[in-house]
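Overview (structure and organization)
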Amino acid sequence: MVALVVIEAVAIALLAVLVFGLLRNQARLSPAPPRIAPLSSPVAAFQPLGCVGSLAPAISGVDPAGAPVTVAVGPGADTVLLAFLTEGCRECAMWWRTLGAGHRTLLGPSLAVVTPSPSTERAEAVRRIAPAGLFVVMSSETWEAYGVSAASTFVLVEGGQVRAGGRAYTWDDLAGVMATAGDTGGVPAGS
């Protein structure tokens, strides 16, 4: 019986050495994980979009329930603020909550949230997080037409033209985007 316990102890010790060696070797072969900049990085969030100053591309898609919808952005249409958000982005979560808390009335112009199409964005998740009364159009084509490559991007369309656009993580960032159009559009700094 004692011999069996000794043999088991030696086998366990050998396995432990083997596992330790494999883990050490794996650590040497694996590249270091990428560094992720914190959300509040000192780099300015605002980066103007290339479409600023151009005619506003037409916007059509479906709502989260699958019904066809369009956003009027041509000449003579009301001023519209487009919020390009996704259901899963960390930065967007604040905008979904804030817009649902009634702060959308502070924005001045009409507001339309644009998410990617249901083929790439989960419509069920968008329905779950979109506040009641918020106009949402799911259209990857709109993201492409406006040159939007990242969520949490806002675009101001006025008189059929793209007046301003850029990424915004905070109300101050959004006020900066709106200020590039020469109008804060009612967005209070620091809200």
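Going by the structure above, here's the rest.
Structural notes, computed from the coordinates.

Considering all chains together, one arrives at four aromatic pairs under this definition. A centroid spacing of 5.5 Å and a plane angle of 90° characterise the contact between Phe84 and Trp143, whose relative ring orientation is edge-to-face. Taken together, the positions of Phe84 in strand S3 (residues 80–84) and Trp143 in helix H4 (residues 140–145) put the pair 59 residues apart, joining distant regions of the chain. As far as the burial class goes, Phe84 and Trp143 line up, both buried. Consider the rings of Trp95 and Phe154, whose centres lie 4.8 Å apart with planes at 65°: the pair is edge-to-face. Highlighted residues: Trp95 in helix H2 (residues 90–100) and Phe154 in strand S6 (residues 153–158), separated in sequence by 59 residues.

Structurally, Gly76 is set in the loop between strand S2 (68–71) and S3. Spatially, the C-alpha atoms of Gly76 and Gly159 are 5.7 Å apart, while their sequence positions differ by 83 residues.

It is worth spelling out the nonpolar core at this point. Core analysis: the biggest nonpolar cluster contains 43 residues, and Leu82, Trp96 and Tyr146 have the highest contact counts within it. Sorting elements by how many residues they give to this core places S3 first, with five residues. Trp96 has contacts with Leu85, Thr86, Glu87, Val113, Thr115, Val126, Ile129, Ala130, Pro131, Leu134 and Val136, leaving out every residue within four places of it along the chain.

The next subject is the pairing of strand S4 (residues 110–115). Counting buried residues along S4, five of its six residues qualify, which places the element largely inside the surrounding structure. Here five bridges tie S3 to S4, and the two strands are oriented parallel to one another. Bridged to Phe84 within S4 is Val114. One ladder, built from three bridges, connects S4 with strand S5 (residues 136–138); its direction is parallel. Paired with Val114 across the two strands is Val137, which belongs to S5.

A few words now on the state of the cysteines. Here the structure, examined in full by the defined rule, presents one disulfide. One disulfide in the model links Cys89 with Cys92; its S-S distance is 2.2 Å. Here the disulfide of Cys89 and Cys92 is right-handed, its torsion about the S-S bond being about 100°. The burial state of Cys89 is the same as that of Cys92; both residues are buried.

The rules behind these values
Residues numbered from 1 in each chain as written. Predicted model: local features only at pLDDT ≥ 70, side-chain atom pairs only at ≥ 80, totals over all residues. Heavy atoms only, no water. Phe/Tyr/Trp six-rings, centres within 6.5 Å; stacked < 30°, edge-to-face > 60°. Helix = DSSP H or I, 4+ residues; strand = E, 2+ residues; numbered from the N terminus. Buried < 20%, exposed > 50% of the residue type's maximum accessible area, 1.4 Å probe, protein only. Core = buried A, V, L, I, M, F, W, Y, C linked by side-chain atoms within 4.5 Å. Contact = heavy atoms within 4.5 Å. Pairing = 2+ DSSP bridges. Disulfide = S-S within 2.5 Å.

These results come straight from atomic positions and should not be treated as a statement about function.
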